[in-house]
Amino acid sequence: MLFTPVRAASVWRDSAKGGENMRKAILSIGDERLLGSLKKRLKEQGFAEIIACSGSGELLAEAAETLPEVAVLEISPNDETIHATSRKLWERFSIPIILVAEKCDLETAQKGVESGVSAILTKPLREEELTAALVLSLAAARRLHALKGEVAALKETIESRKVVEKAKGRLMERDGLTEAEAFRRMQRLAMDRRISMRQLAEAILLADGIAVENSTKKVDSKQRTTYIPS
């Protein structure tokens with residue numbers, strides 16, 4: 001189905017009815033009429049709290065404190081600071097950023113991409129375009145957050161396997177076990193202690209004085225002697 005501005009407005013309003021009544025938006029708009037208009041439109045789109053900021057420092061401080069879902073910033077001609085601010089907002093908080101400009105040329109668009117901007121709208125703002133920009137920007141941000149979570153989980157799985165393999169190898173070397181025997185012993189001990197295989201593996205390695213990178217927890221001396229099979 002073609003995702004037109006009208007279709008976007010419908011999707012956004014449906015999602016706003018889903019109980020997300022604490023949506024927050026942060027604005028940095030110098031034009032008072034535009035600021036008032038944006039506040040009204042954002043409230044109509046389901047944002048319960050709208051924070052207006054007067055400068056870059058205040059904007060970043062408020063973003064750190066309130067963690068808004070989206071930022072809408074006005075860019076003036078030859079204003080280079082807004083791109084630096086946008087970059088900091090994106091790098092620190094990963095929130096979608098919408099710029100409002102008098103016009104959007106190729107250079108402005110390229111700088112926007114480099115600074116993490118999700119969309120650029122030109123004046124005068126149309127409600128349908130604002131709604132579509134909000135929906136698409138937030139959807140892209142959610143997809144990115146989900147992807148980051150998947151990458152982090154995959155990295156954790158790989159690191160855990162490395163630690164378990166290292167501890168298994170240590171048991172094989174130290175106690176003359178086969179690979180299957182060492183693994184079964186680790187499984188039994190982990191189940192008995194109700195801990196993960198990685199935690200057990202780290203305890204085995206730490207007890208033998210072997211460094212463990214990115215350890216999930218510190219293991220005290222009592223735990224070390226308890227976890228290690230005789």
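In this report, we go over the structure that sits alongside the text. (Residues numbered from 1 in each chain as written. Predicted model: local features only at pLDDT ≥ 70, side-chain atom pairs only at ≥ 80, totals over all residues. Heavy atoms only, no water.)

Some words on the nonpolar core
Move 1: Among the nonpolar cores identified, the biggest contains 20 residues, and L27, L38, F47 and I98 are the most heavily contacted of them.
Move 2: Breaking this core down by element, the ones donating at least two residues are strand 1 (23-28), helix 2 (32-44), strand 2 (47-52), strand 3 (70-75), strand 4 (97-101), strand 5 (119-122) and helix 6 (127-175).
Move 3: With 17 residues, the next largest nonpolar core counts L59, L60, I75 and I95 among its residues. (Core = buried A, V, L, I, M, F, W, Y, C linked by side-chain atoms within 4.5 Å. Buried < 20%, exposed > 50% of the residue type's maximum accessible area, 1.4 Å probe, protein only. Helix = DSSP H or I, 4+ residues; strand = E, 2+ residues; numbered from the N terminus.)

Topic: the pairing of strand 4
Move 1: With five of five residues buried, strand 4 is to be regarded as a mostly interior element.
Move 2: Pairing geometry for strand 3 and strand 4, over five bridges, is parallel. Note on strand 4: the bridge partner recorded for L73 is L99.
Move 3: Handedness of the crossover joining strand 3 and strand 4 through helix 4 (residues 81-93) is recorded here as right-handed.
Move 4: Bridge count for strand 4 against strand 5 is four bridges, and the pairing is parallel. Bridged to A101 within strand 5 is T122.
Move 5: The β-α-β motif built from strand 4, the intervening helix 5 (residues 106-114) and the parallel element strand 5 has right-handed crossover chirality. (Pairing = 2+ DSSP bridges. Right-handed = clockwise from strand over helix to strand, strands pointing away.)

Considerations on the layout of surface pockets
Move 1: If you add up the space inside the largest pocket, you get close to 300 Å³.
Move 2: Along its surface, the largest pocket is lined by 14 residues, and S76, P77, N78, D105 and T108 are the ones closest to its centre.
Move 3: Taken together, 13 residues form the lining of the second largest pocket, with S28, E74, D79, T81 and I82 sitting closest to its centre.
Move 4: Elements supplying a minimum of two residues to the lining of the second largest pocket: helix 3 (56-66) and helix 4.
Move 5: Top element by residues in the lining of the second largest pocket is helix 4. It accounts for three residues. (1 Å grid on protein atoms, 1.4 Å probe; cavity = no way out; pocket = protein on both sides within 12 Å on 5 of 7 lines; lining within 4 Å. Points joined across faces, edges and corners; volume = space filled by probe spheres on them.)

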